[in-house]
Amino acid sequence: MGDAKAFLTFDIDYLDPACAPGTGTPVPGGFTTADAEVIVLVQDCTDDTCMFAPGFATMFGKPTVGLVSKVDIAESEEAIEQAREKLELAGCDRIFYISNKDRRGVDDVKAYIGLSEE
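Residues numbered from 1 in each chain as written. Predicted model: local features only at pLDDT ≥ 70, side-chain atom pairs only at ≥ 80, totals over all residues. Heavy atoms only, no water.

Participant: Would you take a moment to explain a nonpolar patch on the surface for this structure?
Facilitator: Taken together, the side chains of Y112, I113 and L115 make up a nonpolar region of the molecular surface, amounting to roughly 270 Å² of accessible area. Checked against the element boundaries, Y112 lands in helix α2 (residues 106–113). (Patch = residues over 30% accessible without salt bridge, like charges linked within 9 Å, V, L, I, M, F, W, Y side chains within 5 Å. Areas by Shrake-Rupley, 256 points an atom, 1.4 Å probe, with all protein chains shown as cover. Salt bridge = Lys/Arg side-chain N within 4 Å of Asp/Glu carboxyl O. Helix = DSSP H or I, 4+ residues; strand = E, 2+ residues; numbered from the N terminus.)

As structure tokens, this is what we get:
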């Protein structure tokens with residue numbers, strides 16, 4: 001990739017249906033959680049909805065971190081705190097606060113997963 005920056009992700013539609021039976025786009029033979037080194041759960045602090053059941057992260061048997069996203073546009077500190085609580089309840093081992101707009105917290109996440117800017 002040379003000097004180009006890259007971002008790698010996979011979402012639920014990329015997983016084998018054995019791991020994600022409810023996905024709308026099944027990919028037989030797709031990735032499983034065993035293929036991931038770290039599981040990342042994202043909670044938008046501007047959204048009151050939570051998709052993660054209590055203890056959700058325990059099913060993976062992998063380090064699970066939480067990302068509270070959109071902290072730059074949160075209505076209040078309470079909204080950020082509520083997003084953090086949802087991720088803690090889901091079982092995240094560590095929680096990061098990020099903003100893609102001003103890159104707040106992005107370097108912390110990159111350091112955690114072992115990426116560095118070169």
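Participant: Help me understand unusual backbone geometry in this model?
Facilitator: As a rule of thumb, non-glycine residues mostly have phi less than zero, and peptide bonds are mostly trans rather than cis. Positive phi is not limited to glycine here, since K70 has a value of about 60°. Among the secondary structure elements, K70 is positioned in the loop between β2 (64–69) and α1 (77–90). Phi angles above zero are rare outside glycine, and R103 is one such case at about 65°.

Participant: Got a minute to help me understand the packing of aromatic side chains in this structure?
Facilitator: Aromatic ring pairs are described here by two measures, namely the spacing of the ring centres and the angle between the planes. What the rule picks out here adds up to three aromatic pairs. For the ring pair F52 and F56, a centre distance of 5.5 Å and an interplane angle of 40° mean the geometry is tilted. F56 gets classed as partly exposed once you look at its relative accessible area, which sits at 23%. With 5.4 Å between their ring centres and 80° between their planes, F56 and F60 make a pair best called edge-to-face. The class of F60 is buried, set by a relative accessible area of 16%. (Phe/Tyr/Trp six-rings, centres within 6.5 Å; stacked < 30°, edge-to-face > 60°. Buried < 20%, exposed > 50% of the residue type's maximum accessible area, 1.4 Å probe, protein only.)

Participant: Could you clarify how one ought to interpret the pattern of salt bridges in this entry?
Facilitator: Here the idea is simple: oppositely charged side chains can pair when their charged atoms come close. Inspection of the entire model under this criterion finds five salt bridges. With its nearest N and O atoms 3.1 Å apart, the salt bridge here joins K70 to D44. Placement of K70 in the loop between β2 and α1 and of D44 in strand β1 (residues 39–44) is noted, with a sequence separation of 26 residues between them. Using a relative accessible area of 18% as the deciding quantity, one classes D44 as buried. The residue R84 makes a salt bridge to E88 at a minimum N-O spacing of 2.4 Å. Taken as a pair, R84 and E88 lie in helix α1 at a separation of four residues, close to a single helical turn. Judged by relative accessible area, E88 falls into the partly exposed class, the value being 44%. Taken together, the salt bridges that share partners define one network made up of E81, R84 and E88.

Participant: Got a minute to help me understand the sheet that holds β2 in this structure?
Facilitator: Strand pairing within a sheet occurs via backbone hydrogen bonds; the two strands may be parallel or antiparallel. Spatial ordering of the open sheet is given by β1-β2-β3, a layout of three strands whose pairing is parallel. Strands at the two margins of the open sheet, each flanked by one partner only, are β1 and β3 (94–97). Sheet twist, expressed as the mean angle between neighbouring strand axes with direction ignored, is 25°. Pairing of β1 with β2 involves six bridges; the strand directions are parallel. When the sheet's bridge partners are listed, V40 is paired in β2 with V65. Contacts from α1 reach β1, β2 and β3 within the one sheet, and its direction differs from that of β2 by about 160°. Contacts from α2 reach β2 and β3, with the element oriented near 145° to β3. (Pairing = 2+ DSSP bridges. Axes fitted to C-alpha atoms, helices over the stretch in contact; angles between N-to-C directions. Contact = heavy atoms within 4.5 Å.)

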